[in-house]
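Topology and contacts: notes
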Amino acid sequence: MTVDSPLSTPRQDGAAGPPPPFDAEVSPTMAIMQQALAGMRTLDAVLAAREHTGRDRDQDARLARDGAFELTEVSVPGPPGGPEVSLLVCRPTATATPHAVLYFAHGGGMITGDNRLTLDDPLDWAQELGLVVVSVDYRLAPENPHPAPVEDCYAGLVWTAAHAVDLGVDPSRIIISGQSAGGGLAAATALLARDRGGPALDGQLLMCPMLDDRNDTPSARQMTGLGIWDRSMNEMGWTALLGAARGGPDVSSYAAPARATDLSALPPTFVDVGSAETFRDEDVAYASRIWQAGGEAELHVWPGGFHAFDLVAPQAALSRAAKAARLQWLRRLLRD
């Protein structure tokens with residue numbers, strides 16, 4: 001285990017103390033982001049903004065990185081009874097034989113985003129390590145509640161595994177990854193693949209994953225009203241996905257992986273999270289339960305990091321350390 005912030009013994013009464021301090025270098029950026037997102041704290045506001053945003057195809061030129069990647073969008077069979085799923089395939093042009101496929105699920109709280117969102121880090125890894133990146137455009141809540149998003153992710157994974165040879169990689173070298181809501185969907189998709197006897201995964205890289213619909217950990221309570229994805233926004237995202245079932249007794253582990261009672265037989269796992277964010281305790285617990293089930297996990301808790309701090313303050317020392325740790329884990333994984 002690698003832990004970059006001391007973890008105190010949980011209080012037996014489950015109460016939360018004062019919030020941990022934010023990292024001094026990333027904190028000013030967080031304040032700017034809070035102001036920018038001030039009008040996006042209700043589902044209606046998010047949906048209105050989403051309706052007027054649209055997909056910017058001009059960003060494909062940026063993602064191609066001056067010809068470093070060949071981008072292809074493919075529509076593949078979706079889940080039974082569902083529509084086709086769009087996958088963005090990014091193949092490195094400088095690598096004749098890519099080492100592996102990175103299957104990626106974007107963030108966005110289950111309610112926003114597309115398969116071009118937050119691809120900068122996956123493309124960095126792909127350039128460094130010679131990976132093909134496949135990014136899935138899953139359906140969004142609330143129009144498409146659970147199980148639509150995770151079933152889309154699973155259908156895209158099945159297609160990716162079946163066409164790995166066409167992509168030029170070994171089908172046994174598939175790594176699933178995601179950030180925030182996408183991290184939760186990646187974890188849920190890994191559970192589905194295990195339980196359905198689906199594609200074998202070489203690893204799962206989960207960045208600040210959104211795992212627990214109950215939204216009642218000490219860190220969720222500590223960070224109420226703080227950061228850029230606090231407890232109220234988290235409730236909004238989970239309610240969009242689950243409706244009235246959110247927080248109740250009948251939520252599937254394929255919706256909220258923290259609900260899983262069995263975390264055995266999962267691929268080697270990387271989990272990281274900030275110490276000053278809503279998801280801290282659920283993410284730490286998930287890694288701990290993988291160890292308790294006899295699995296392999298690497299955990300990083302970045303001191304003073306808020307949710308997605310590395311995306312909004314990429315040049316900060318804390319962000320550079322987080323990015324380096326992910327790359328090092330991938331390099332070790334692919335070396336095995």
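Since the model is a prediction, treat every value here as computed from it, not as a measurement. (Residues numbered from 1 in each chain as written. Predicted model: local features only at pLDDT ≥ 70, side-chain atom pairs only at ≥ 80, totals over all residues. Heavy atoms only, no water.)

**Structural notes on the overall build of the protein**
Selection criterion: Secondary structure elements are defined from DSSP: runs of H or I of at least 4 residues count as helices, runs of E of at least 2 residues count as strands, and each element is numbered from the N terminus. With C-alpha atoms as the basis for the radius of gyration, the globule rule is written as 2.2 Å multiplied by the number of residues raised to the power 0.38. Whether a residue is buried, partly exposed or exposed follows from its accessible area with a 1.4 Å probe, protein chains only, as a fraction of its type maximum: under 20%, in between, or over 50%, in that order. Any pair of residues with heavy atoms lying within 4.5 Å of one another is described as a contacting pair. The Shrake-Rupley method, run with a 1.4 Å probe, gives the accessible areas here. Residue values count only the displayed protein chains as cover. We count Lys and Arg on the positive side and Asp and Glu on the negative side, and we leave His and both chain ends out. Think of each charge as sitting on NZ of Lys, CZ of Arg, CG of Asp or CD of Glu.
Secondary structure assignment for the protein yields 12 helices and eight strands. Computed over the C-alpha atoms, the radius of gyration of the protein is 19 Å, within 12% of the 20 Å expected from 2.2 N^0.38 for a compact globule of 336 residues. Out of the 336 residues in the protein, the part that is buried amounts to 53%. In the protein, the share of contacts with a sequence separation of at least 24, taken over all contacts with a separation of at least 6, comes to 76%. As displayed, the protein has an accessible area near 13,600 Å², and 53% of this comes from carbon and sulfur atoms. Side chains of the protein give 26 positive and 42 negative charges; the mean places of these two sets differ by 3 Å.

**Some thoughts on the pairing of strand E4 (residues 131-137)**
Defined as follows: Paired strands, as defined in this entry, are two strands with at least two bridges between them according to DSSP. Handedness of a crossover: with both strands directed away from the viewer, a clockwise path from the first strand across the helix to the second marks it as right-handed.
Judged by how many residues are buried, E4 sits mostly within the fold: seven of seven residues are covered. Side-chain alternation along E4 places Leu131, Val133, Ser135 and Asp137 on one buried face and Val132, Val134 and Val136 on a second face that is also buried. Where strand E2 (residues 85-92) and E4 come together, five bridges link them in antiparallel fashion. Bridge pairing in E4 links Leu87 to Val136. Alignment of strand E3 (residues 100-105) against E4, held across six bridges, turns out to be parallel. Directly across from Tyr103, in E4, lies its bridge partner Val134. A crossover links E3 with its parallel partner E4, the connecting element being helix H4 (residues 120-129), and its sense is right-handed.

**Concerning helix H10 (residues 280-292)**
We apply this condition: One fewer than the residue count of a helix, multiplied by 1.5 Å, yields its expected span.
The terminal C-alpha atoms of H10, which comprises 13 residues, lie 18 Å apart, in line with the 18 Å expected from a rise of 1.5 Å per residue. If you check which residues of H10 are buried, you get Arg280, Glu282, Asp283, Val284, Tyr286, Ala287 and Ile290. Immediately beyond the C-terminal end of H10, within one or two residues, lies Gly294, with a positive phi of roughly 90°.

**Let's talk about the sheet that holds strand E6 (residues 203-207)**
For the record, the criterion: Axis lines are fitted through C-alpha atoms, for helices just across the contact stretch, and the angle between N-to-C directions can take any value from 0 to 180 degrees.
With respect to topology, eight strands assemble into an open sheet ordered E1-E2-E4-E3-E5-E6-E7-E8, the strand pairing being mixed. In the strand order of this sheet, the two ends are held by strand E1 (69-76) and strand E8 (297-302), each with one partner. Put simply, the sheet's adjacent strands are angled 15° from each other on average, direction ignored. Inspection of the sheet shows strand E7 (residues 269-274) paired to E8 by six bridges, in the parallel sense. From the neighbouring strand, Asp272 faces E8, where its bridge partner is His300. Helix-sheet contacts for H4 involve E1, E2, E3, E4, strand E5 (174-179) and E6, and the interaxial angle to E4 is about 160°.

**Description of the nonpolar core**
Quick reminder of the rule: Residues belong to one nonpolar core when they are buried, are Ala, Val, Leu, Ile, Met, Phe, Trp, Tyr or Cys, and are joined through side-chain atoms within 4.5 Å.
Counting 66 residues, the largest nonpolar core has Leu87, Tyr103, Val134, Val136, Tyr138 and Tyr286 as the members making the most contacts within it. Ranked by the residues each element gives to this core, the list is headed by helix H7 (residues 181-195), at nine residues. Contact partners of Tyr286, with chain neighbours within four places excluded, come to Ala187, Leu191, Leu206, Leu211, Pro257, Ala258, Leu263 and Leu266. Formed by 35 residues, the second largest nonpolar core is a distinct cluster that contains Ala68, Cys90, Ala126 and Phe306.

In short, the description is geometric, and any link to function would need to be established separately.
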